[in-house]
Amino acid sequence: MLEWSQQEIESALKNDFSGFIYLYTPMCGTCQMAGKMLTVVNELLTESAIRKADLNYMPTLAEKWNVESVPCLLIVHNGEVTEKIYAFHSVPYLLEKMSGV
């Protein structure tokens, strides 16, 4: 997963990015587990664009998107956040949620 800055995220959204943005913080234990799960998903869904961003450096985006907690997976379609996932459950669950998006 490629790490994005706020500037890269904003640019991608303006250019109608479709894919996933994984929001995390480095000190969050649950985020570390979710990140490992998404690494597996990223290997299995090679056609999907999964990016990640440290939310500590992006408070304005967190507020704009009403992010309630981390980890958070944003599903983005044509530059618009269409869904937020907070409960990562399992790799099969993520595969089901992310396939075909």
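Residues numbered from 1 in each chain as written. Predicted model: local features only at pLDDT ≥ 70, side-chain atom pairs only at ≥ 80, totals over all residues. Heavy atoms only, no water.

Digging into the overall build of the chain
What counts here: In this text, helices come from DSSP runs of H or I with a minimum length of four residues, and strands from runs of E with a minimum of two, each type numbered from the N-terminal end. Based on C-alpha atoms, the radius of gyration is set beside the globule rule, defined as 2.2 Å times the residue count to the power 0.38.
In terms of helices and strands, the chain carries 4 helices and 5 strands. Put simply, the chain runs from its N terminus to its C terminus through helices and strands in the order β-α-β-α-β-α-β-β-α. In summary, the chain has a C-alpha radius of gyration of 12 Å against a globular reference of 13 Å for 101 residues, a match within 12%. Considering only C-alpha atoms, the chain reaches an extent of 30 × 30 × 20 Å along its principal axes.

Structural notes on unusual backbone geometry
With an omega of 0°, the peptide bond between Val70 and Pro71 qualifies as cis. Structurally, Pro71 can be placed in the loop between helix H3 (59-64) and strand S4 (72-77). In the Ramachandran plot, Asn66 falls in the positive-phi region, its phi being about 55° despite a non-glycine side chain. Within the secondary structure, Asn66 sits in the loop between H3 and S4.

Thoughts on the side chain of Thr25
Applicable threshold: Contacts are assigned to residue pairs with any non-hydrogen atoms lying within 4.5 Å of each other.
Structurally, Thr25 is set in the loop between strand S2 (19-24) and helix H2 (29-44). If we ignore the near neighbours within four places in the chain, the residues touching Thr25 are Cys31, Asp54, Leu55, Asn56 and Val70.

A word on the pattern of salt bridges
When the charged atoms of two side chains with opposite charge come close together, those side chains can pair. The condition that has to hold: Whenever Lys or Arg places a side-chain nitrogen within 4 Å of a carboxyl oxygen from Asp or Glu, that contact is recorded as a salt bridge. Exposure classes here rest on a 1.4 Å probe applied to the protein chains alone. A residue is buried below 20% of its type maximum, exposed above 50%, and partly exposed in between.
In total, this model carries 1 salt bridge according to the counting rule given. Glu83 is the partner of Lys97 in a salt bridge, and the nearest nitrogen-oxygen pair spans 3.0 Å. With Lys97 in helix H4 (residues 91-98) and Glu83 in strand S5 (residues 80-85), the pair connects residues that are 14 residues apart, well separated along the chain. Among the residues examined, Lys97 registers a relative accessible area of 29% and is labelled partly exposed. The class of Glu83 is partly exposed, set by a relative accessible area of 31%.

Some words on the packing of aromatic side chains
The cut-off we apply is this: For this analysis, a ring pair means two rings from Phe, Tyr or Trp (six-membered ring only for Trp) whose centres lie within 6.5 Å, classed as stacked if their planes differ by under 30 degrees, edge-to-face if by over 60, and tilted for the remaining angles.
Using the criterion set out here, one finds 3 aromatic pairs in the structure. Seen from their ring centres, Tyr22 and Tyr24 are 5.7 Å apart, and the 15° between their planes marks the pair as stacked. For the pair Tyr22 and Tyr24, one class covers both residues: buried. Each residue in the set Tyr22, Tyr24 and Phe88 is aromatic and connected to the rest through ring pairs, giving one cluster.

Some thoughts on the sheet that holds S4
Test applied: Two strands pair under a simple rule: DSSP has to find at least two bridges between them. All axes here are fitted lines through C-alpha atoms, helices being fitted over the stretch that makes contact, and every angle between N-to-C directions spans 0 to 180 degrees.
Spatially, 5 strands are ordered S1-S3-S2-S4-S5 in an open sheet, and the strand pairing comes out mixed. Looking at strand neighbours, the two that pair on one side only are strand S1 (2-3) and S5, the edges of this open sheet. Where S4 lies against S5, 5 bridges are found, and the strand directions are antiparallel. The residue bridging Val76 from the neighbouring strand is Val81, located in S5. Of the strands in this sheet, S2, strand S3 (50-54), S4 and S5 touch H4, which is tilted by about 160° from S5.

Geometric values such as these leave the question of function open.
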